[in-house]
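A closer look at the structure
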Amino acid sequence: MLNKILGFNPKTMKMRTEIVAGATTFLTMSYILAVNPTILSSTGMDKGALFTATAIASAIATLLLAFMAKLPFAQAPSMGLNAFFAYTLCQAMGYSWQQSLAIMLIEGVLFIAITFFNVRELILDSIPRNLRFAISAGIGMFIAFIGLKNASIIVANPATFVSLGNFTPTATLGIIAIVLSGALMARRVKGSLFYGIIIATIVGIPMGVTEIPDGWLPMSAPHSLEPIFCRFDFDGFFTLQTFLVLFSLLMVNIFDTVGTLLGLAEKTGVVKPDGSIPHVKEAMMSDAIGTTCGAMLGSSTITTYVESASGIAEGGRSGMTSFVTGILFIAALLFSPVFLLIPGSATSGALVLVGVLMLDSVKKIDLGDVSEAFPAFITMITMVLCYSIADGICLGILSFVVIKICTAQWKALNPTLIVLSILFVINFVFK
């Protein structure tokens, strides 16, 4: 029954491994429960209601993915697009948060439509083999960079853009988490990333990084959704500016999700010899439905999380992993004080080690052919430097098309890549 519902095969999989993998994924991405309400509340939205919306939207999307796609991935509000919601739409462009939620709702409906008509699957199938490997490796580097940034090991620098940070308690805890996770994984300890997060969180208490508030209790009642639930405002919706905003959101989310699915699928070993991914349409549909539900609840766009790779690294291979993650998001509604104790630096070990594991895709890239190696390199380096999976994929595909045209390798191109390249140029111009 579990095999049919969640893709869990007891002959080749272990329940304990799937549960630990699901818990690891949750702990690695649980920071979204604290960060998303903080970012979106800057628009005037109720922070308590946003916590509830974030947890429920993440649970709905992840459980949909578990049952529909049967893959060990998790979904939650996109870290890039929640910032776009708050700082670009509401603050820079002057939309109210109610108007911004209306834009997110329409984006979700459009997502469902283009997924139903296989547009996203067509895009996925058009990506060349070497770029797929580059996307996987680039995501690994991106995840590791997030981990180093969360721990303030790498910090902003006005002279050099980034630099090594000071050895603050936060950075020190991050280093401890990275070394601890690396040592446990090197000794082949099952659940090493999960244990690394837990131990680092405990170690952070005497260091002052894991903060326990006065009167702290492990449980609390969920906050009401009423202040933000279905508060849409379609006033002034039909304008050229709104159309361009929708187009940009669609482009970013399509390639964020496509890139993440490609990278994660490579790590699970489910990719078929012809490059196709089982249940990929269902995975994309769960993300589209999740975005629509998220907008109704009062949250920003949902996407597949690269942090899912931490659960995959622990051995998660079926929808049981994502089912556990989804259930833990629901539990977070009651145990929010516990989950909010985990500092970002405690998860840095898991993120960096996942980056190490995903880097092995580089050896599959044909580095002997510059017309293949160049776009692969552009994909990987721009993911990190632009702090965007979507931008990395866009620039990688653009460079692939340009270099193949310059070398008259017409057979390497397909109509989808050409159309996408034109759309990317338009998107970058208006962006």
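The rules behind the values
Residues numbered from 1 in each chain as written. Predicted model: local features only at pLDDT ≥ 70, side-chain atom pairs only at ≥ 80, totals over all residues. Heavy atoms only, no water. Core = buried A, V, L, I, M, F, W, Y, C linked by side-chain atoms within 4.5 Å. Buried < 20%, exposed > 50% of the residue type's maximum accessible area, 1.4 Å probe, protein only. Helix = DSSP H or I, 4+ residues; strand = E, 2+ residues; numbered from the N terminus. Contact = heavy atoms within 4.5 Å. Pairing = 2+ DSSP bridges. Polar contact = N/O pair within 3.5 Å; in protein donor to acceptor, adjacent residues only side chain to side chain. pLDDT = per-residue confidence, 0-100. Axes fitted to C-alpha atoms, helices over the stretch in contact; angles between N-to-C directions. Parallel < 35°, antiparallel > 145°, perpendicular 65-115°, else oblique. Left-handed = near helix turned anticlockwise from the far one by under 90°. Nonpolar A, V, L, I, M, F, W, Y, C, P; charged D, E, K, R; others polar.

1. Considering the nonpolar core
Residues Leu33, Ile139, Ile143, Phe255, Ile397 and Phe424 are the most contacted members of the largest nonpolar core, which totals 75 residues. Ranked by the residues each element gives to this core, the list is headed by helix α11 (residues 240–268), at 10 residues. The contacts of Leu33, once residues within four sequence positions are left out, are Phe26, Phe51, Thr54, Ala55, Phe329, Ala332 and Leu340. Counting residues in hydrophobic clusters, the runner-up holds 27 residues, among them Leu40, Ala49, Phe85 and Leu297.

2. Let's talk about the pairing of strand β3 (residues 161–164)
Of the pairings in the sheet, the one linking strand β2 (residues 154–157) to β3 comprises 4 bridges and is antiparallel in character. Across the sheet, the residue bridging to Asn157 is Phe161, located in β3. Hairpin connection of β2 to β3: 3 residues between the antiparallel strands.

3. Re the environment of Gln75
Secondary-structure assignment places Gln75 in strand β1 (residues 75–77). In the structure, Gln75 is positioned 336 residues away from Lys411 in sequence and 36 Å away in space, judged by C-alpha atoms. Among the polar contacts made by the side chain of Gln75, one reaches the side chain of Ser286 at a distance of 3.4 Å.

4. Some remarks on the confidence of the model for the protein chain
Across the protein chain, pLDDT averages 88, with 99% of residues at or above 70. Mean pLDDT across the secondary structure elements of the protein chain bottoms out at helix α15 (residues 336–339), with 78, and peaks at helix α14 (residues 319–331), with 95.

5. Thoughts on the packing of helix α3 (residues 32–40) against helix α4 (residues 47–68)
Following both chains from N to C, one finds α3 and α4 inclined at 135°, their axes separated by 9 Å at the closest point. With respect to their mutual orientation, α3 and α4 come out oblique. The chirality of how α3 crosses α4 is right-handed. Where α3 abuts α4, its residues Ile32, Leu33, Asn36, Pro37, Thr38 and Leu40 lie against Lys47, Leu50, Phe51, Thr54 and Ala55. A class-by-class count of the residues in the contact of α3 with α4 yields 7 nonpolar, 3 polar and 1 charged.

6. What to know about the packing of helix α2 (residues 15–29) against α14
Interaxial distance between α2 and α14 falls to 7 Å at its minimum, and their mutual angle equals 50°. Here α2 lies oblique to α14, going by the angle between them. Crossing of α2 against α14: the hand is right-handed. Of α14, the residues touching α2 (which contributes Met15, Glu18, Ile19, Ala21, Gly22, Ala23, Thr25, Phe26 and Met29) are Met320, Thr321, Val324, Thr325, Leu328 and Phe329. Its residues assigned to classes, the contact of α2 with α14 shows 10 nonpolar, 4 polar and 1 charged.

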